[in-house]
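Residues per chain are reported as follows:
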Amino acid sequence: MVRFFTWAPKQRLQIFIDSLEKILTDCHDRYPTSVQLKEINNLLNKFEATYTVIRKTDKFKVFHLGKSDDYKMRAQIYMNKTKAYQDLGNINPLESLVERTNNLLYDKDEAELAHLYFLPKAHKPNTPLRPIMAGLKSPTIKISGWLDVLLRPLFDCLAVDTTIINGVQLIKQVERWSASNLTLATSFITMDVTDLYTMIPQEGGVTAIKRLMETSNLKQIDGVKKEIILALTRFVMTNNYFYLDGSYFKQIRGGAMGSPLTLTVANTYMYFVERPISKWAHRTCSLYFRYIDDLFIMSNIHADILKGLVRFWNRLDSNIELSESIGSTAEYLDVKLENRGGVMITEVFHKPSHEPYSLPFTSTHAQHIKKNIPYVALTRAIRYSSNFDAYKREEIHICMSLLLNKYPIYFILKQFERVLQTFQCAVPTRKNYSEIRKIFLDAVDKNNNNNAKKANIDFEVNILCHFSFTKGMHDFSTRFHEIWKTCFSDTAICNMKPIVGSKKLNNLQDYLVKKKPEQSILKIK
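- As recorded by an unreviewed UniProt entry, the protein chain carries the name Reverse transcriptase domain-containing protein and is attributed to Adineta steineri.

### With respect to the overall build of the protein chain
Next up, step 1: Counting its secondary structure elements, the protein chain contains 18 helices and 20 strands.
Next up, step 2: Per-residue burial for the protein chain yields a buried fraction of 45% across its 525 residues.
Next up, step 3: Expressed as a percentage of contacts within the protein chain between residues at least 6 apart in sequence, the contacts between residues at least 24 apart total 73%.

### Some remarks on helix 11 (residues 275-283)
Next up, step 1: When we look at burial in helix 11, the residues that qualify are Arg275, Ile277, Ser278, Trp280 and Ala281.
Next up, step 2: Elements that come into contact with the buried residues of helix 11 comprise helix 10 (260-273), strand 12 (287-291), strand 13 (294-299) and helix 12 (303-313).
Next up, step 3: Phi turns positive, to about 55 degrees, at cysteine 285, one or two residues after helix 11.

### Notes on the sheet that holds strand 14 (residues 322-327)
Strands pair in a sheet through their backbones, by hydrogen bonds, and they do so in one of two ways: parallel or antiparallel.
Next up, step 1: The strand order across the open sheet formed by four strands is 12-13-7-14, and the pairing between neighbours is antiparallel. The sheet is open, and its two edges are formed by strand 12 and strand 14, each paired on a single side. With direction set aside, neighbouring strand axes in the sheet form an average angle of 15 degrees.
Next up, step 2: Taken together, the five bridges between strand 12 and strand 13 define a ladder with antiparallel strand orientation. By the bridge assignment for strand 13, leucine 287 is matched with methionine 298.
Next up, step 3: Its contacts with the sheet put helix 11 on strand 12 and strand 13, and the angle it makes with strand 13 is roughly 20 degrees.

### Some thoughts on helix 15 (residues 409-422)
Next up, step 1: With 14 residues, helix 15 extends 20 Å between its outermost C-alpha atoms, agreeing within 8% with the 20 Å of an ideal straight helix rising 1.5 Å per residue.
Next up, step 2: Residues Phe411, Ile412, Gln415, Phe416, Val419 and Leu420 constitute the buried set of helix 15.

### Brief notes about the packing of helix 8 (residues 202-215) against helix 9 (residues 226-237)
Next up, step 1: Where helix 8 contacts helix 9, the axes come no closer than 9 Å and their chain directions differ by 155 degrees. Comparing their axes, helix 9 and helix 8 come out roughly antiparallel. In the crossing of helix 8 with helix 9, the sense of the turn from one axis to the other is right-handed. Residues Gln202, Glu203, Val206, Ile209, Lys210, Met213 and Glu214 of helix 8 lie in contact with helix 9, whose contacting residues are Lys226, Ile229, Leu230, Thr233, Arg234 and Met237.
Next up, step 2: In the contact of helix 8 with helix 9, the residues fall into six nonpolar, two polar and five charged.

### Topic: the confidence of the model for the protein chain
Next up, step 1: Mean pLDDT over the protein chain works out to 83, with 86% of the residues at or above the 70 mark.
Next up, step 2: Within the model, the stretch residues 1-8 combines pLDDT values under 50 with two contacts to residues more than four positions away or in other chains.

Calculation notes
Residues numbered from 1 in each chain as written. Predicted model: local features only at pLDDT ≥ 70, side-chain atom pairs only at ≥ 80, totals over all residues. Heavy atoms only, no water. Helix = DSSP H or I, 4+ residues; strand = E, 2+ residues; numbered from the N terminus. Buried < 20%, exposed > 50% of the residue type's maximum accessible area, 1.4 Å probe, protein only. Contact = heavy atoms within 4.5 Å. Pairing = 2+ DSSP bridges. Axes fitted to C-alpha atoms, helices over the stretch in contact; angles between N-to-C directions. Expected span 1.5 Å × (residues − 1). Parallel < 35°, antiparallel > 145°, perpendicular 65-115°, else oblique. Left-handed = near helix turned anticlockwise from the far one by under 90°. Nonpolar A, V, L, I, M, F, W, Y, C, P; charged D, E, K, R; others polar. pLDDT = per-residue confidence, 0-100.

Written out as structure tokens, the structure reads:
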């Protein structure tokens, strides 16, 4: 008996491994990727021969094709306009930056200079570019991430009354305010901050963090003194370097879009800029919220006065330029709002450049990902649509978009049924729509509470098992658990619970979008 237990688990383990390998090999052999990769490489060669650049559009999931010379010209226009970047020529600053970072933190690790690439804003006139500084191996990236974890909760707590995080929250606040304040004369004011991340003065960002800590009555966070936090913030803000088209650059204004700390610095800076606006909104019983660089107001003040106020607010800070839209309708985040004769109307907003694209049904992705696309879309449609007609329009839009992406109608309808079953309600009709929508909106708060109570994965009991997903693996999780139970149900690890997941797959964006310069000179160890 003793001898049995000394060799049986090892034998069972080998059986388990062999069984899994057979299933995985069979799946990958039946659906080889070599043919698709050959077609993609041919396409890449054509792009390269014609100097064509392909990018994923900003805020959308579609591709944008342009000529490399045009991208360079637009990038130069942006850099000249913002005056946020200093050209260092062929002087590579990486070694000096690593040395200064190590002197500050006594840490030595592999480092790589950040690289700058641009996302086309296809939804805006003339397709301007949004700069993204990718620096996952930048010497300052870990400091930036650590500071962000430290400081962001402070901002979230301080700005909770004036910050919006999604369309559902906006709709609930708008409907609550409208119940007692909406009139025929109510106007919407939406304002956009031009190039927020690159226009914030770097020392001004550090000062904003200092004010954040002082307003929160904190001299230290988690045992780290304010002086150290500010010194590290200044170091991260003033040491953003990157490589672009044969030259090295230093960002001398604003923060790097792509560095974790930049969002918190920008949000905090805007919090103190917007104080007069939010105080005015409170005094006049108006509604005010901000989402990063997008400001939203509902007010009963006359439109002419509002225009004058916007001109005044534009003088609050010379670094912050606001472009506004005032009227009885507004598009904010992904919500369209309208004051229709004193009645508040809301629905899903699609930008004019919106394409009816989603993950194709034929794509090699796990089934649960495809199921969630119609599920989430219909849930949003009910929550956002204030009346039955708006809901039906969005429902038709969802169906047509999914059909264009090869989703079978039976699959779409089954996921729509799953939505109604999850929320335990009847099919929406003109008569019951208001009650059903209330169920969906009320469930948001319940879900938030449930998510907060979710237990973390217990690694004493759970084992994470991730596999590269391919076609033919739709029932792989079930088969994995069956093999696990067969091999280990009566062994010492019978109480262990495997969690089966799939690794991120390379998609067309990974293959086609080339963002990073192939320059070995950018690396140092």
